[in-house]
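Residue-level listing of the chains:
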Amino acid sequence: MSDAVIDRQQNFHEIALRWLPDVTRFAQSLTRDEPAAEDLVQETYLRAWRHWDTFKPGSEARAWLFTIARNAWRKRAPRDARLVAVEDDTLQALSDAEYPLGASRDIAQSLAGSDIGPAIGRAIDALPDAFREVVQLVELQELPYAEAALVLDIPVGTVRSRLFRARRLLQGALLEHARDAGLVSANAPEDIT
Amino acid sequence: MSVQVTDQPMSDEMLDCGTAVRMLWDYLDGHLGAPDEAAVRQHVARCSHCFPHADFARVVLDAVAQVRTAQPAQPSPGLRDRILTQLRAEGYEGP
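Numbers given for residues are sequential positions, taken from 1 along each chain in its written order. As they are written, the chains are lettered A onward and the ligands numbered 1 onward, keeping that order. pLDDT decides what is reported in this predicted model: residues at 70 or higher carry local features, side-chain atom pairs at 80 or more are listed and counted, and totals for whole chains, interfaces and linings draw on all residues regardless.

Draft legend 1. Geometry of the overall build of chain B. Put simply, DSSP H or I for four residues or longer makes a helix, DSSP E for two residues or longer makes a strand, and each gets a number counted from the N terminus. Counting secondary structure elements, chain B contains 5 helices and 0 strands. Mapped from its N terminus to its C terminus, chain B presents α and β elements in the order α-α-α-α-α. Residue burial is a threshold on neighbouring C-beta atoms within 10 Å of the residue's own C-beta, all placed from the backbone, with 20 or more meaning buried, 12 or fewer meaning exposed, and counts in between meaning partly exposed. Across the 95 residues that make up chain B, the buried fraction comes to 26%. Considering only intrachain contacts with a sequence separation of at least 6, the fraction spanning at least 24 residues in chain B is 67%. Contact definition: two residues whose C-beta atoms, as placed from backbone geometry, lie within 7 Å.

Draft legend 2. Quick look at the overall build of chain A. Each helix and strand in chain A was counted, giving 10 helices and 0 strands. Walking chain A from its N terminus toward its C terminus, one meets helices and strands in the order α-α-α-α-α-α-α-α-α-α. Per-residue burial over chain A gives 42% buried out of 193 residues. Summarising the internal contacts of chain A: among those between residues at least 6 apart in sequence, 73% fall at separations of at least 24.

Draft legend 3. Here's a closer look at the interface of chain B and chain A. Taken together, the contacts link 29 residues of chain B with 33 residues of chain A. Taken together, the elements giving at least two residues each to the side of chain B that touches chain A come down to α4 (51-70) and α5 (77-88) of chain B. Per-element accounting of the side of chain B that touches chain A gives the leading share, 12 residues, to α4 of chain B.

Draft legend 4. Seen up close, the packing of helix α10 (residues 156-180) of chain A against α4 of chain B. Put simply, α10 of chain A and α4 of chain B touch, their axes get as near as 10 Å, and they point 95 degrees apart. Taken as axis vectors, α10 of chain A and α4 of chain B run roughly perpendicular relative to one another. Residues Arg 167, Leu 170, Gln 171 and Leu 174 of chain A of α10 of chain A form the contact with α4 of chain B, whose own contacting residues are Phe 56, Val 60 and Ala 63 of chain B. Basically, the charged four are Asp, Glu, Lys and Arg, the nonpolar ten are Ala, Val, Leu, Ile, Met, Phe, Trp, Tyr, Cys and Pro, and anything else, Gly included, counts as polar. Residues of the contact of α10 of chain A with α4 of chain B, tallied by class, amount to 5 nonpolar, 1 polar and 1 charged. In this analysis an axis means a line fitted to C-alpha atoms, helices contributing only their contacting stretch, and an angle means the value between N-to-C directions, from 0 to 180 degrees. Just so you know how the angles are binned, under 35 degrees is roughly parallel, over 145 roughly antiparallel, 65 to 115 roughly perpendicular, and the rest oblique.

Draft legend 5. How the structure looks around helix α3 (residues 34-50) of chain A. Multiplying one less than the number of residues by 1.5 Å gives the expected span of a helix. The terminal C-alpha atoms of α3 of chain A lie 24 Å apart, and with 17 residues this matches the ideal 24 Å at 1.5 Å per residue to within 8%. Buried residues of α3 of chain A: Ala 37, Glu 38, Leu 40, Val 41, Thr 44, Tyr 45, Ala 48 and Trp 49 of chain A, and no others.

Draft legend 6. View of the nonpolar core. Counting residues in hydrophobic clusters, the biggest one holds 75 residues, and the most contacted among them are Leu 65, Ala 69, Ile 120 and Leu 174 of chain A. Residues contacting Leu 65 of chain A, with those up to four places away along its chain left out, are Ala 16, Trp 19, Val 23, Thr 44 and Ala 48 of chain A. To define a nonpolar core, we join buried Ala, Val, Leu, Ile, Met, Phe, Trp, Tyr and Cys residues through C-beta atoms within 7 Å and take the resulting set.

Draft legend 7. How the structure looks around helix α2 (residues 20-31) of chain A. A rise of 1.5 Å per residue sets the reference length of α2 of chain A, with its 12 residues, at 16 Å; its end C-alpha atoms lie 16 Å apart and thus fit the reference within 8%. Burial analysis of α2 of chain A places 9 of its 12 residues in the buried class, which makes it a mostly covered element. By the burial criterion, the buried members of α2 of chain A are Val 23, Thr 24, Arg 25, Phe 26, Ala 27, Gln 28, Ser 29, Leu 30 and Thr 31 of chain A. On the buried face of α2 of chain A, the contacting elements are α3, α4 (61-76) and α8 (129-140) of chain A together with α5 of chain B.

Draft legend 8. Highlighting unusual backbone geometry. Residue and element names in this part refer to chain A. Unlike most non-glycine residues, Arg 32 shows phi in positive territory, near 55 degrees. With respect to the element layout, Arg 32 can be found in the loop between α2 and α3. Even without glycine at this site, Glu 142 takes up a positive phi of about 60 degrees. Within the secondary structure, Glu 142 sits in the loop between α8 and α9 (145-152). A count of 11 C-beta atoms within 10 Å places Glu 142 in the exposed class.

Draft legend 9. Expanded view of the packing of α2 of chain A against α3 of chain A. Residue and element names in this part refer to chain A. Relative orientation of the contacting elements α2 and α3 amounts to 130 degrees, with a least axis distance of 8 Å. It follows from the interaxial angle that α2 and α3 lie oblique. By crossing handedness, the relation of α2 to α3 is classed as right-handed. Touching Val 23, Thr 24, Ala 27, Gln 28, Leu 30 and Thr 31 of α2 are Glu 34, Ala 36, Ala 37, Leu 40, Val 41 and Thr 44, all from α3. Residue composition of the contact of α2 with α3, by class: 7 nonpolar, 4 polar and 1 charged. A crossing counts as left-handed when the near helix is turned anticlockwise from the far one by less than a right angle, and as right-handed when that turn is clockwise.

Draft legend 10. Spotlight on the environment of Gly 58 of chain A. Here Gly 58 of chain A lies in the loop between α3 and α4. Linking Gly 58 of chain A and Ile 15 of chain A, residues 43 residues apart in sequence, is a C-alpha distance of 9.7 Å.

In structure tokens form, the structure reads like this:
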């Protein structure tokens, strides 16, 4: 085996395979189905290996792998489950409609002593695709806005605005959780602009 | 946290409530420059209207952080093995 081939293999191991846990979590977020996520991860790494020569050394391998995974998912997903392009004014209307701030002045204190991790996890899973993938990349994978923008093929400003709207939706879900749990009044006024 | 807040929403020359709320996420993410960061921090600390907003926003960010740290650290061993088997069929001979 030539040195170049050995280097190629070693680089793939050190640079691409090290991100397997992150790629798996991203695939789980896309598919919301464990077997489908594992299939997608396999396909992602197969495509990555086949196209490894196109990877630019020094660039962000994780974002490159996420892009491959997302493109593979878009091609294989059933039409009704596929990530669809959504106009941002539509997304804004959706998040504005559920804007919850001010519903209770004591909401933070009411939630402080309760275990809200599972509730927020369910709320993230329930977000519309365009919001969920931004939350997954920026909040859970801790990608900088610029790298998330590359993966999603949208402007950095759109990443930021979708993230903030997603957080508002999550606030709405937490408020509903607090009401259901009797932590705040179901009739708390909504007073925010 | 113990903070002295006013009884009414604030609207001063430096920052009004609407602006403070719009800047809140950037503020909490640490993405504001020093002057804006100071303006939002001072506004939130003194404003009865905005203080609960900031508190609730922090709760959401803390909850998301809980989800982040609770994520499984590694995929199943079976998945890694299947990937390596598939790659080796394509010429990969690495570890």
